[in-house]
Amino acid sequence: MNQDALKQAVARAALDYIAPRLDHNAIVGVGTGSTAAFFIEALAQIKGHFEAAVASSEATASQLQAHGIPVYDLNSADAVAVYVDGADETNPRLELIKGGGAALTREKIIAAVAEEFVCIADQSKWVECLGQFPLPVEVIPMARSHVARELVKLGGDPVYRQECETDNGNIIIDVHNMRIEDPRQLETAINQITGVVTNGLFAHRPADLLLLGTDQGVEQVRAG
């Protein structure tokens, strides 16, 4: 199967997984990116079976609303039953790199609130050690140079993502050439740099379940 077919397969598998777990009062968290977009197309098929969604980006909110799915502000949601989102990389512990689409901060907030975090990804995202994909860091604009210097001290090569403004009005620095042996430690270290909003390591709050699209079908992977 090509990559789009794998993404469609995991999106459908995510729908099959969450549908029996939802009730009419349930709030579904929905991520951002190409795989999440396929999931929204699938989710629209059962839009009457849950109350509403919360979205990790303005683009996701627009796509959900276009399908007639109500979108709540997270502050208006008592609880988020499940959060479904893709990843740029995942390791066997289901620690992730996310943020290729610059939505990492809102994605991280919804993941923190959700009772269950389901990651959907194709087999190209599976790695033994995180870091082949550049690590995104959301930064307050005036702190760009300071944060970049501190990221160099941590062993990375920071690159300012040109012409990218997040939904929160901030910028993205992508950190290249880091082999991330201890994702939890690095997540904490980067978040402690003054001017950083957050970074794209989802290690303190990894996924609970990975639905991984492979040529042999969709595999369910729990953290190991």
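Residues numbered from 1 in each chain as written. Predicted model: local features only at pLDDT ≥ 70, side-chain atom pairs only at ≥ 80, totals over all residues. Heavy atoms only, no water.

Caption draft 1: Examining the packing of helix α2 (residues 34-43) against helix α3 (residues 58-66) more closely. In the contact formed by α2 and α3, the axes pass within 10 Å of each other and the chain directions differ by 20°. As far as their axial angle goes, α3 and α2 are roughly parallel. Between α2 and α3 lies a crossing whose hand is right-handed. Contact residues: α2 offers A37, I40, E41 and L43, while α3 offers T60, Q63 and L64. Considering only residue class, the contact of α2 with α3 consists of 4 nonpolar, 2 polar and 1 charged. (Axes fitted to C-alpha atoms, helices over the stretch in contact; angles between N-to-C directions. Helix = DSSP H or I, 4+ residues; strand = E, 2+ residues; numbered from the N terminus. Parallel < 35°, antiparallel > 145°, perpendicular 65-115°, else oblique. Left-handed = near helix turned anticlockwise from the far one by under 90°. Contact = heavy atoms within 4.5 Å. Nonpolar A, V, L, I, M, F, W, Y, C, P; charged D, E, K, R; others polar.)

Caption draft 2: Expanded view of helix α5 (residues 144-153). Taken together, the buried positions of α5 are V147, A148 and L151. Here the buried residues of α5 occupy an arc of 100° about the axis, which is enough to place them on one side. Opposite its buried face, α5 presents the exposed residues R149 and K153, each directed more than 90 degrees away. Of the surrounding elements, those touching the buried residues of α5 are β7 (135-139), β8 (157-160), β9 (171-176), α6 (183-191) and β10 (196-199). Where α5 ends, the next residue or the one after it, G155, has phi of about 100°, a positive value. (Buried < 20%, exposed > 50% of the residue type's maximum accessible area, 1.4 Å probe, protein only. Arc of directions from axis to C-beta.)

Caption draft 3: Inspection of empty space enclosed by the protein at higher detail. Applying the stated criterion across every chain yields a total of 1 cavity of 30 Å³ or more. When its volume is computed, the largest cavity comes out at roughly 40 Å³. Contributing to the lining of the largest cavity are S56, A102, A103, L104, T105, R106, E138, D167 and N168. The element contributing the most residues to the lining of the largest cavity is helix α4 (residues 104-113), with 3 residues. A class-by-class count of the residues in the lining of the largest cavity yields 3 nonpolar, 3 polar and 3 charged. (1 Å grid on protein atoms, 1.4 Å probe; cavity = no way out; pocket = protein on both sides within 12 Å on 5 of 7 lines; lining within 4 Å. Points joined across faces, edges and corners; volume = space filled by probe spheres on them.)

Caption draft 4: Structural context of the pairing of strand β13 (residues 217-222). Sheet analysis places strand β12 (residues 209-214) next to β13, joined by 6 bridges and oriented antiparallel. Residue pairing for β13: L212 is matched across the bridge by E219. Here β12 folds back onto β13 in antiparallel fashion, the turn holding 2 residues. (Pairing = 2+ DSSP bridges.)

Caption draft 5: Up close: α6. If you check which residues of α6 are buried, you get P183, L186, E187, A189 and I190. When α6 is viewed along its axis, its buried side chains cluster within an angular range of 165° and face the same direction. In this structure, the buried residues of α6 make contact with α4, β7, α5, β10 and β11 (201-202).

Caption draft 6: Expanded view of the pattern of salt bridges. Tallied over the full model, the rule gives 12 salt bridges. With its nearest N and O atoms 2.9 Å apart, the salt bridge here joins E95 to R93. E95 gets classed as buried once you look at its relative accessible area, which sits at 6%. A relative accessible area of 37% places R93 in the partly exposed class. It is possible to trace a salt-bridge network through shared partners that takes in D85, K98 and E107. (Salt bridge = Lys/Arg side-chain N within 4 Å of Asp/Glu carboxyl O.)

Caption draft 7: Here's a closer look at a nonpolar patch on the surface. A cluster of nonpolar side chains, contributed by I140, M142 and V197, occupies part of the molecular surface with about 310 Å² of accessible area. Relative to the helices and strands, V197 is located in strand β10. (Patch = residues over 30% accessible without salt bridge, like charges linked within 9 Å, V, L, I, M, F, W, Y side chains within 5 Å. Areas by Shrake-Rupley, 256 points an atom, 1.4 Å probe, with all protein chains shown as cover.)

Caption draft 8: Quick look at the environment of I173. By the secondary structure assignment, I173 is in strand β9. Overall, the relative accessible area of 1% leaves I173 in the buried class. Residues I173 and A55, spaced 118 residues apart in sequence, show a C-alpha to C-alpha distance of 23 Å. Not counting residues up to four positions away in its chain, the partners in contact with I173 are L135, P136, V137, V139, R144, V147, A148, L151, P158 and V159.

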